[in-house]
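Listed below, chain by chain, are the residues.
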Amino acid sequence: MVCVAAFIILCLVGVFVAFLSIFRRDIGKKYWAVFKKAWGCVGKKVRLQKCETNFKDDVKNTLLSKVVLKHPTWVKPLGTAIEIGSVLIVVVTVWSVVESVKALLAIWVFGTCNVSQPASCALGAEVCGIDAEEPSNPVEWTGRWFSEWGEIFGNIPEKFRSWSVEDYLVEPYTFVENYQDELPLALDIFDPGCTVCLQSYRAQKSSGFFEKYNTVLMIYPIRLPDGGYKFANSELIARYFHAANLADTDYGAKIVDRLFSEDADDGNNYQVTFSLLSNDEAEKLLQSWLQDFGASKSEIENLEKSAHSTEVDEIMTKIKAIVEDQIHAKGIPTMIYDKKRHHGRFEAN
């Protein structure tokens, strides 16, 4: 393990030596000679052969040469420590390589380097993560680590498939704009309380995306592992949205547009306002919006009953199953258009 560890260290040091060699060629020659010996030893190890060189002893003797003269009794324990340290260096390096490969594959497949905590990945698409429950013991952690590999490999074929919006629609549904026969379909999955979703919606609206696609809105309030919801009043907004669709009105699309596009009297956007309201206050605000949209008193009462009905419960359950089990979204927003699945905030070309 000493020669392997030394090779790893020499690889890292090589960048600095290459720079120094510009000014001191003798340093580069000495380093290259040592590096070739290390590489030869590692090559033997890979082929499960013994090193024919004395490189391991050279490394240990170099590190212990000064200790031998001053503290001869320290040589044996320090030699053991070098062996242990070498094993740790190799293990850490191998682990880092494996984790790097896993992260790169996850970004390619899911748009995030962290399958279980998507929003914590700074390298992937900006999302509001659908987080898994944190493991409570080493056994659960190990199981989740392997299950993440399974998810990654199991979803690689989805990168090459053709995605059809029609396969994931839950009736009744609504479009952002009036449906036009000549335009292709797009599916926009979002959480009313997700800031990234608000930014994505605004980017779509300002870029003319909604004029180029018949965009279906699908609300998916992100659930927490404990059963609650990630964002305050997201579930309530989703319920009124589905109730409006069941009543065959365009109020659902108008609720979403006002939520993401307009500001309240206090200067905050309405998404922030809803995050600060109690459930009762949020429901009263939604009902005042319905009145603004032209709903009558009796119509609002019917929508309120529908929002809390088992029919809406069933719709939300179906959407949850589609988003998590069929689309395999790890974060919101997630979009489907041009026969592809797109992760994270929409970026206008």
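A quick note: this is a predicted structure, and the numbers were derived from the prediction, not measured.

(A) Quick peek at helix α8 (residues 234-246). Compared with the 18 Å implied by 1.5 Å per residue over 13 residues, the 18 Å span of α8 between its first and last C-alpha is a close match. Counting buried positions over the 13 residues of α8 gives eleven, a clear majority of the element. Burial in α8 covers these residues: Ser234, Leu236, Ile237, Ala238, Arg239, Tyr240, Phe241, His242, Ala243, Ala244 and Asn245. Phi turns positive one or two residues past the end of α8, at Asp248, with a value near 60°.

(B) Highlighting the state of the cysteines. A complete count under the given rule lists one disulfide for this structure. Each sulfur in the disulfide pair Cys128 and Cys194 lies 2.0 Å from the other. Between Cys128 and Cys194 the disulfide shows an S-S torsion of about 90°. By sign, it is right-handed. Placement of the pair is Cys128 in strand β1 (residues 128-129) and Cys194 in the loop between β3 (185-190) and α6 (195-207), with a sequence separation of 66 residues. In terms of burial, Cys128 and Cys194 fall into one category: buried. There is no disulfide at Cys197, and the cysteine sulfur nearest it, in Cys194, is 3.3 Å away.

(C) Expanded view of the sheet that holds β3. Spatial strand order, β2-β4-β3-β6-β7: five strands in an open sheet with mixed pairing. Both edges of this open sheet fall to β2 (174-175) and β7 (340-343), since each of them pairs with a single strand only. Where strand β6 (residues 334-337) and β7 come together, four bridges link them in antiparallel fashion. Bridging from a neighbouring strand, Met335 pairs with His342 of β7.

(D) Molecular detail of the pairing of β3. With respect to burial, β3 is a largely interior element, five of its six residues being buried. Note: β3 against strand β4 (residues 214-219), six bridges, orientation parallel. Among the inter-strand pairings, Leu185 is bridged to a residue of β4, identified as Asn214.

(E) Structural detail: the pattern of salt bridges. This model, assessed by the stated rule, comprises 14 salt bridges. In this structure, the salt-bridge partner of Lys254 is Asp250, at a minimum N-O distance of 3.6 Å. Take Asp250: its relative accessible area is 41%, and that puts it in the partly exposed class. In this structure, Glu347 and Arg345 form a salt bridge, with 3.1 Å as the shortest nitrogen-oxygen distance. When salt bridges that share partners are traced, they join Lys102, Arg144 and Glu148 into one network.

(F) Structural detail: the nonpolar core. By size, the foremost hydrophobic cluster in this structure holds 66 residues, and its most contacted members are Leu187, Trp289, Leu290, Val323, Ile327 and Ile332. The leading source of residues in this core is α8, at seven residues. Those residues in contact with Leu290 that sit more than four places away from it in its chain are Tyr240, Tyr251, Ile255, Ala295, Ile300 and Leu303. If you look at the next biggest cluster of nonpolar residues, it comprises six residues, including Ala106, Val109, Phe110 and Ile152.

(G) Representation of the confidence of the model for the chain in the model. Within the chain, residue pLDDT values average 80, and 72% of them lie at 70 or more. Confidence drops under pLDDT 50 across residues 1-23; counting only partners more than four residues distant or on other chains, this segment forms 43 contacts.

(H) Molecular detail of the environment of Glu304. Relative to the helices and strands, Glu304 resides in helix α12 (residues 297-307). Residue Glu304 is classed as partly exposed on the basis of its relative accessible area, which comes to 31%. Each C-alpha atom of the pair Glu304 and Ala243 lies 7.8 Å from the other, and the pair is 61 residues apart in sequence. Sequence-distant contacts of Glu304, that is, excluding residues within four places in its chain, are made with Tyr240, Glu283 and Gln287.

(I) Fine view of the side chain of Thr249. Tracing the backbone shows Thr249 in the loop between α8 and α9 (251-261). Polar side-chain contacts of Thr249 include one of 3.0 Å to the backbone oxygen of Ala244. Thr249 has contacts with Ala244 and Glu299, leaving out every residue within four places of it along the chain.

(J) Quick look at α12. What α12 keeps buried is the set Ile300, Leu303, Ser306 and Ala307. Around the axis of α12, the buried residues are gathered within 125° of arc, so they sit on the same side. Those residues of α12 that are exposed and aimed more than 90 degrees away from the buried face are Lys297 and Lys305. Summarising the contacts, the buried residues of α12 are in contact with α8, α9, α11 (279-292) and α13 (310-326).

Calculation criteria
- Residues numbered from 1 in each chain as written.
- Predicted model: local features only at pLDDT ≥ 70, side-chain atom pairs only at ≥ 80, totals over all residues.
- Heavy atoms only, no water.
- Helix = DSSP H or I, 4+ residues; strand = E, 2+ residues; numbered from the N terminus.
- Expected span 1.5 Å × (residues − 1).
- Buried < 20%, exposed > 50% of the residue type's maximum accessible area, 1.4 Å probe, protein only.
- Disulfide = S-S within 2.5 Å.
- Pairing = 2+ DSSP bridges.
- Salt bridge = Lys/Arg side-chain N within 4 Å of Asp/Glu carboxyl O.
- Core = buried A, V, L, I, M, F, W, Y, C linked by side-chain atoms within 4.5 Å.
- Contact = heavy atoms within 4.5 Å.
- pLDDT = per-residue confidence, 0-100.
- Polar contact = N/O pair within 3.5 Å; in protein donor to acceptor, adjacent residues only side chain to side chain.
- Arc of directions from axis to C-beta.

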